[in-house]
Amino acid sequence: MIRANPFWQFNEQPFLDIVDTVYTVAPKVDTAHYDQTDPAIERHSDISWINPSEETYSIFEKISQGVAHANEKAEWFFDAPLIEPLQFTQYKVGQKYDWHVDQFMGIEDTIRKISFSILLNDDFEGGELQIEAGSPEIPDERIETVKLKKGDALIFPSYTWHRVLPVTSGVRHSLVGWCRGDQWK
């Protein structure tokens, strides 16, 4: 599949207005366990889940609008109208998430098509988000380290390889999620 835009980045902190609400509604975090069959992928983070509710409506609405905008402007035009519960993720010093994709084919009627990561703070070091954005034939351009500030977001097709490098100082918080749609046809 040829993609004109391998990802869409929202700068200028467009999601800053939901950060306080996320911190208010996010349940206490637990250690995440990675249950994919590939033991070579390391994931060390703490997570909790934010479900749709009257209290979280503004968060889901803002994200839906942002994802729809990115889907159109990046010219993916994916049919992905459903948002899964949101993952509040915390990376402490030394924690990371190795290269992975968010899309898994299975027996479900819908699949993940669009992934997003919203940075909730920027008072940490390390923890850079990297995404595979280029051709394997041009190694220097293949991996892009995305610079985000608190309230910025990265939106990308769920089949795109990405990772979070180890945090070296402080604690990194992000809101991660996925939009689903019918199986590819």
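Scroll up a little and you will see the structure.
Cut-offs used in this document
Residues numbered from 1 in each chain as written. Predicted model: local features only at pLDDT ≥ 70, side-chain atom pairs only at ≥ 80, totals over all residues. Heavy atoms only, no water. Helix = DSSP H or I, 4+ residues; strand = E, 2+ residues; numbered from the N terminus. Rg over C-alpha atoms; globule rule 2.2 N^0.38 Å. Buried < 20%, exposed > 50% of the residue type's maximum accessible area, 1.4 Å probe, protein only. Areas by Shrake-Rupley, 256 points an atom, 1.4 Å probe, with all protein chains shown as cover. Lys, Arg positive; Asp, Glu negative; His and termini not counted. Charge placed at Lys NZ, Arg CZ, Asp CG, Glu CD. 1 Å grid on protein atoms, 1.4 Å probe; cavity = no way out; pocket = protein on both sides within 12 Å on 5 of 7 lines; lining within 4 Å. Points joined across faces, edges and corners; volume = space filled by probe spheres on them. Nonpolar A, V, L, I, M, F, W, Y, C, P; charged D, E, K, R; others polar. Phe/Tyr/Trp six-rings, centres within 6.5 Å; stacked < 30°, edge-to-face > 60°. Polar contact = N/O pair within 3.5 Å; in protein donor to acceptor, adjacent residues only side chain to side chain. Contact = heavy atoms within 4.5 Å. Salt bridge = Lys/Arg side-chain N within 4 Å of Asp/Glu carboxyl O. Arc of directions from axis to C-beta.

A.B. asks: How should the overall build of the protein be read in this particular structure?
C.D. replies: The number of helices and strands found in the protein is 3 helices and 15 strands. Against the 2.2 N^0.38 benchmark of 16 Å for 185 residues, the protein shows a C-alpha radius of gyration of 16 Å, consistent with a compact globule. Judged by the C-alpha coordinates and their principal axes, the protein covers about 40 × 40 × 35 Å. By residue count, 48% of the 185 residues in the protein fall in the buried class. Taken as a whole, the protein presents about 9,900 Å² of accessible surface, with 50% of it coming from carbon and sulfur. For the protein, the separation between the mean place of its 17 positive charges and that of its 30 negative charges on side chains is 1 Å.

A.B. asks: Would you explain the layout of surface pockets in this entry?
C.D. replies: Using a probe with the size of a water molecule, rolled over the atoms, empty space left in the structure can be pinpointed. Considering only enclosed or pocket space, the second largest pocket measures out at about 150 Å³ in volume. Lining the second largest pocket are Leu 119, Asp 122, Phe 124, Gly 126, Gly 127, Glu 128, Leu 129, Val 146, Lys 147, Leu 148 and Arg 172. Partitioned by chemical class, the residues of the lining of the second largest pocket number 5 nonpolar, 2 polar and 4 charged.

A.B. asks: Sorry, what's going on with the environment of Pro 157 here?
C.D. replies: Turning to its location among the elements, Pro 157 is positioned in strand β12 (residues 153–157). Pro 157 sits 152 residues away from Asn 5 along the chain, and the two C-alpha atoms are 9.7 Å apart.

A.B. asks: Explanation requested: the packing of aromatic side chains in the structure shown.
C.D. replies: Two aromatic rings, taken as a pair, are described by how far apart their centres are and by the angle between their planes. Under the defined criterion, the tally for this structure stands at 7 aromatic pairs. Centre to centre, the rings of Tyr 23 and Phe 88 are 5.8 Å apart; their planes meet at 75 degrees, and the pair counts as edge-to-face. One end of the pair, Tyr 23, is in helix α1 (residues 16–25); the other, Phe 88, is in strand β6 (residues 86–91), with 65 residues separating them in the sequence. Plain terms: the ring middles of Trp 76 and Phe 78 are 6.0 Å apart, the flat faces sit at 15 degrees to each other, and that makes the pair stacked. On the accessibility criterion, Phe 78 (12% relative accessible area) is buried.

A.B. asks: For this particular structure, what's the right way to read the side chain of Ser 45?
C.D. replies: Here Ser 45 lies in the loop between β3 (43–44) and β4 (46–50). Residue classification places Ser 45 among the buried residues on the basis of a relative accessible area of 1%. One polar contact links Ser 45 to Arg 43, side chain to side chain, over a distance of 3.4 Å.

A.B. asks: Mind showing me how you'd approach the side chain of Ser 117 here?
C.D. replies: Residue position: Ser 117 is located in strand β8 (residues 110–119). Setting aside its immediate chain neighbours within four residues, Ser 117 contacts Leu 129, Leu 148, Asp 152, Ala 153, Leu 154, Arg 172, Ser 174, Leu 175 and Val 176.

A.B. asks: For this particular structure, what's the right way to read the pattern of salt bridges?
C.D. replies: Once their charged atoms are close, side chains differing in charge can pair, the charge on each being opposite to the other. Throughout the structure, instances matching the rule amount to 7 salt bridges. Close ionic contact of Arg 142 with Glu 132 constitutes a salt bridge, the shortest N to O distance being 2.4 Å. A residue pair is termed long-range when its members are at least 10 positions apart, and Arg 142 in helix α3 (residues 139–142) and Glu 132 in strand β10 (residues 129–132) qualify at 10 residues. Because the salt bridges share partners, they merge into one network encompassing Glu 84, Arg 112 and Arg 180.

A.B. asks: Looking at this model, I keep getting lost on α1. Mind explaining?
C.D. replies: The α-helix advances 3.6 residues per turn, and as a result positions three or four apart in sequence lie on the same side. For α1, every residue scored as buried is listed here: Ile 18, Val 19, Val 22 and Val 25. Take α1 and look down its axis: the buried residues cluster within an arc of 145 degrees, on one side only. Opposite the packed face of α1, turned more than 90 degrees from it, sit the exposed residues Asp 17, Asp 20 and Thr 24. Of the surrounding elements, those touching the buried residues of α1 are β4, α2 (57–73), β6, β8 and β15 (172–182).

So, to be careful, I would describe these as geometric facts and stop short of saying anything about function.
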